[in-house]
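Topology and contacts: notes
For reference, the chains in residue letters:
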Amino acid sequence: MKRGIYRIKGAGNKGKEPGESLGERLARLFEIPGEVCGNRPKVTAIGRGEVLIENFKGIMDFQSNMIRINTNNGIIKVTGEGLNIREITNEEIIIGGKISNIDYDA
Amino acid sequence: MFLVHLWNYIRGYVIIIVAGRSIERFINICSKRQILLWDIVRLDAASAEMKASIRGFRLMRPAAKKSGCRVHIKKKCGLPFFLYRFKRRKGFKVGLVIFSAILMLSVSIIWDIEITGCEPEKIPEIMSVLNADNIGRGSFKLKLDPKIIAKKIALNVEQVAWVGVEIKGVKLFITIKDSIEPPVLIKNDEAFNIVAERDGLVKKVEVYAGTPRIKEGETVKKGQLLVSGKLESKNPEFGTRDVHALGKIIARTWYEESMPVSMVYTQKLKTGRTHKTVYFRFLDRRFKISGGDLPFEMYETVTEEKMISGPFGLRLPIGLIVENSSEIVEKQVELTLDEAIDVTIETAKENLNKRIPADCTVVDEMIKQYEGDSGTIYIQVIYECEEDIAGLEPATEK
């Protein structure tokens, strides 16, 4: 029964703008930063040698010149040279190395 | 960042190498299971190197199984592993215990005593008070009560106004404040006479108060009244008045010493044989290191102390004491008459110098030689001195 409800909800959301969930709309209403309420990723690039991604789902690919990270808004691909994961926890991942690109849905 | 490194070092961590097809999956499972991973570097297509905490490493097994990766430790880092190495070593543990015992012992004893604030002449007196209670270098701090020590010093050392005893670290500080002796009061309303302290010929009379009863050039005997405390008025009608006589009576005095001349002189000779004893000194105790019992019957000893000085001018109570003893043989030497007389004169003069009071000056010296009954020659040395023979004595009513 429960499963059915979820599916209906999921099906309903598909038609709308991606990422415009109820929580996010509420967040916009109350002017709360988006990453707090929803689970949209927050990408912070510090200089050229460090990228911090919050609210990620998991890493999909990890090579020394390319790292792909799965998020709620699609896949983020970080390319560069000598990439490494400085730290990885449940919520955030810090990528180090000489970064050249941050691409979405790649 | 430094703090993070330090924290990781204290908690301990492992550098592991993960090998397998799906390392990404392994990392994902780990992050979902709250296992912190850091510094992940891809080595090649099938392996990666990463760091994980000890706790994380223990929880890693299911993740490795699920992802089909093999995990092995490359290196163990951090304090727990460092300490673990010492866990098995018994000698290390014993050493640790001994070290801490020595440390505890050494900080609980007095290493040095510092006495400040008083005249240097008093220090031996204070030290003897401390020695009487067995307080010295090496006594335990716990046994010492600064208040009691202060009381004892104040009681047993004269002319001390205030004593402060303080234990700072391993040093015992004793601060002394000297008290000022009350001046001797001359009571002008009491009659005092000046009498002769010893026999002599009066050379100079200086009277500040009182009536002189002697004149210059007179000989006086010990105890004779020199200046009377009764002041007589020029006008006999006014009678006499009692005063405290004051004055200087400079007189010639004589001291003599006679000795028989001995023709035999005992001379002390070094045989050239020496013996060295070395002690190790710790605090006030000494332990013999080398050198057995002294093989000599008579000897002279020269003691040499070698102290080890620490940094900042600190005097460490550790050192060596070297005692050099040299053997001595007594030898009877026959002297000629002249030599014998010279030796006798020297000894007589030495004896005289010990006897004469400090405030007298030697004006002249005479040496006489005479023969005794049994043919022995005697030497008489006479010192002629000048000194103040005024001595105060309360006037008794006569």
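For the structure itself, look to the data block above.
Numbering of residues starts from 1 in each chain and follows the order in which that chain's sequence is written. Chain letters and ligand numbers both follow the written order, the letters beginning at A and the numbers at 1. Reporting in this predicted model follows two pLDDT cut-offs: at least 70 for local features of residues, and 80 or more for side-chain atom pairs to be given and counted; totals over whole chains, interfaces and linings ignore these cut-offs and use all residues. Calculation of side-chain values draws on the structure's entire complement of heavy atoms; hydrogens and water are dropped beforehand.

1. Examining the overall build of chain A
Starting at the N terminus, helices and strands are each numbered in turn, a helix being any DSSP run of H or I of at least four residues and a strand any DSSP run of E of at least two. In terms of helices and strands, chain A carries 3 helices and 6 strands. Counting only residues that meet the buried cut, chain A has 30% of its 106 residues in that class. Only heavy atoms matter for contacts: two residues are in contact if any of them lie within 4.5 Å across the pair. Counting only contacts in chain A whose residues sit at least 6 apart along the sequence, the fraction spanning at least 24 positions is 38%. Exposure was quantified through the Shrake-Rupley algorithm and a 1.4 Å probe, taking into account, for residues, occlusion by the shown protein chains and nothing else. Total accessible area on chain A stands at roughly 6,700 Å², and carbon and sulfur atoms take up 51% of it. Whether a residue is buried, partly exposed or exposed follows from its accessible area with a 1.4 Å probe, protein chains only, as a fraction of its type maximum: under 20%, in between, or over 50%, in that order.

2. So, a negative patch on the surface
Residues and elements named next belong to chain B. Residues form patches when they are more than 30% accessible in relative terms and have no salt bridge. Like charges link within 9 Å. Nonpolar side chains (Val, Leu, Ile, Met, Phe, Trp, Tyr) link within 5 Å. Salt bridge, as applied in this entry: a Lys or Arg side-chain nitrogen positioned within 4 Å of an Asp or Glu carboxyl oxygen. Under this rule, positive means Lys or Arg and negative means Asp or Glu; His and the chain ends count for nothing. By convention, the point assigned to a charge is CZ for Arg, NZ for Lys, CD for Glu and CG for Asp. Together, Asp338, Glu339, Asp342, Glu346 and Glu350 make up a negatively charged patch on the protein surface. Considering the arrangement of structural elements, one finds Asp338 in helix α9 (residues 337-355). Judged by its relative accessible area of 56%, Asp338 falls in the exposed class.

3. Focus: the environment of Ile35(B)
Relative to the helices and strands, Ile35(B) resides in the loop between α2 (23-32) and β2 (37-44). Along the primary structure Ile35(B) and Arg55(B) are separated by 20 residues, whereas in three dimensions their C-alpha atoms are 8.2 Å apart. For Ile35(B), the residues in contact, after removing those within four places along its chain, are Ile88(A), Cys30(B), Gly56(B), Leu59(B) and Met60(B).

4. Regarding the sheet that holds strand β8 (residues 192-196) of chain B
All names here are of chain B. By the convention used here, strands pair only if DSSP detects at least 2 bridges between them. Judged by pairing direction, the sheet is antiparallel, and its 4 strands sit side by side in the order β10-β12-β8-β22 without closing on themselves. On the outer flanks of this sheet lie β10 (211-212) and β22 (390-394), each paired with one strand and no other. With 2 bridges joining them, β8 and strand β12 (residues 225-228) adopt antiparallel strand pairing. Within β12, the position partnered with Ile194 by the bridge is Val227.

5. Quick word on helix α7 (residues 123-132) of chain B
Residues and elements named next belong to chain B. Among all positions of α7, only Ile126, Val129 and Leu130 are buried. Looking straight down α7, one finds that the buried residues subtend no more than 95° of arc, so they occupy a single side. α7 presents Pro124 and Ala132 as exposed residues on the side facing more than 90 degrees away from its buried surface. Looking at the packing, one finds that the buried side of α7 touches β5 (112-116), α8 (146-156) and β7 (171-178). In the stretch just after α7, Asn134 is the one whose phi turns positive, near 60°. It is the directions from the helix axis to the C-beta atoms that the arc portrays.

6. Overview of the sheet that holds β7(B)
All names here are of chain B. As summarised here, the arrangement of the 3 strands in space is β5-β7-β6, forming an open sheet in which the pairing is mixed. The open sheet has two edge strands with one neighbour each: β5 and β6 (160-168). Here the strands of the sheet are splayed against their neighbours by 15° on average, with no regard to which way each runs. Note on method: axes are straight lines fitted to C-alpha atoms, helices fitted across the in-contact stretch only, with angles between N-to-C directions ranging 0 to 180 degrees. Those strands touched by α7 are β5 and β7, and its axis lies near 135° from that of β5. Relative to the sheet, α8 contacts β6 and β7, its axis offset from that of β6 by approximately 150°.

7. Quick notes on the packing of aromatic side chains
Classification of ring pairs rests on two measures: the distance between centres of Phe, Tyr or Trp rings, Trp counted by its six-membered ring, which must be within 6.5 Å, and the angle between planes, read as stacked under 30 degrees, edge-to-face over 60 and tilted in between. Considering all chains together, one arrives at 3 aromatic pairs over all chains under this definition. It is Lys168(B) that lies over the ring of Phe173(B); its NZ or CZ is 5.4 Å from the centre. Two thresholds decide whether a charge sits over a ring: the Lys NZ or Arg CZ must be within 6 Å of the ring centre and within 35 degrees of the ring normal.

8. Things to note about the pattern of salt bridges
Residue and element names in this part refer to chain B. Under the definition given, this model contains 16 salt bridges over all chains. Residue Glu114 pairs with Lys171 through a salt bridge whose shortest N-O separation is 2.7 Å. A residue pair is termed long-range when its members are at least 10 positions apart, and Glu114 in strand β5 and Lys171 in strand β7 qualify at 57 residues. Classification of Glu114 by relative accessible area gives partly exposed; the value is 29%. We classify Lys171 as partly exposed; its relative accessible area is 22%. Connected through salt bridges with shared partners, the residues Arg252, Glu384 and Glu386 form a single ionic network.

9. Some words on the packing of α2(B) against helix α4 (residues 60-67) of chain B
Residues and elements named next belong to chain B. Here α2 crosses α4 at 145°, and the two axes come no closer than 9 Å. Remark: the crossing between α2 and α4 carries right-handed chirality. Between α2 and α4, the contacting residues are Arg25, Phe26, Ile29 and Cys30 on the first element and Met60, Ala63, Ala64, Lys66 and Ser67 on the second. For this scheme, ten residues count as nonpolar: Ala, Val, Leu, Ile, Met, Phe, Trp, Tyr, Cys and Pro. Four count as charged, namely Asp, Glu, Lys and Arg, and the remainder, Gly too, count as polar. Class assignment for the residues of the contact of α2 with α4 results in 6 nonpolar, 1 polar and 2 charged. A clockwise turn of the near helix away from the far one marks a right-handed crossing, whereas an anticlockwise turn of less than a right angle marks a left-handed crossing.

10. Focus on the nonpolar core
Residues belong to one nonpolar core when they are buried, are Ala, Val, Leu, Ile, Met, Phe, Trp, Tyr or Cys, and are joined through side-chain atoms within 4.5 Å. Grouped together as the largest cluster of nonpolar side chains are 33 residues, with contacts concentrated most on Phe26(B), Ile27(B) and Leu37(B). If we skip the residues at most four places from it in the chain, Leu37(B) touches Arg86(A), Glu87(A), Ile88(A), Ile27(B), Cys30(B), Met50(B), Lys51(B), Ala52(B) and Met60(B). In this structure, Ile110(B), Ile113(B), Leu144(B) and Ile176(B) belong to the second largest nonpolar core, which totals 19 residues.

11. Quick look at the interface of chain B and chain A
Listed by partner, the interface residues are 14 residues for chain B and 15 residues for chain A. When two parts are brought into contact, each loses some accessible area as probed by a 1.4 Å sphere; the total of that loss over both is the buried area. Carbon and sulfur atoms make up 53% of the area that chain B and chain A hide from each other, which totals about 1,300 Å². The largest per-residue losses of area from chain B upon contact with chain A belong to Glu24(B), Ile40(B) and Arg42(B), which jointly make up 36% of the total buried on that side. Two N or O atoms count as a polar contact when they lie within 3.5 Å, although within protein this holds only if one can serve as hydrogen donor and the other as acceptor, and sequence-adjacent residues are included solely when both atoms are side-chain atoms. At the boundary of chain B and chain A, one finds 8 residue pairs in polar contact (both at pLDDT 80 or more). When contributions to the side of chain B that touches chain A are tallied by element, the ones reaching two or more residues are α2 and β2 of chain B. With 6 residues, β2(B) is the single largest residue contributor to the side of chain B that touches chain A.

12. Considering the environment of Ile15(B)
Residue and element names in this part refer to chain B. Within the element layout of this structure, Ile15 appears in strand β1 (residues 13-19). You can call Ile15 buried: its relative accessible area is 11%. As for Ile15 and Cys77, which are separated by 62 residues in sequence, their C-alpha atoms are 7.6 Å apart. Dropping the residues within four chain positions of it, Ile15 is found in contact with Glu49, Met50, Lys51, His72, Ile73, Lys74, Lys75 and Cys77.

13. Quick word on the packing of α7(B) against α8(B)
Residues and elements named next belong to chain B. Two numbers describe how α7 lies on α8: the axes approach to 10 Å, and their chain directions differ by 130°. Taken together, the axes of α7 and α8 are oblique relative to one another. In the crossing of α7 with α8, the sense of the turn from one axis to the other is right-handed. Facing α7, whose interface residues are Glu125, Ile126, Val129 and Leu130, α8 presents Ile149, Lys152, Ile153 and Asn156. Classifying every residue of the contact of α7 with α8 gives 5 nonpolar, 1 polar and 2 charged. Our angle categories are set so that under 35 degrees counts as roughly parallel, over 145 as roughly antiparallel, 65 to 115 as roughly perpendicular, and the remainder as oblique.

Take it as geometry only, folks, not as evidence of what the structure does.
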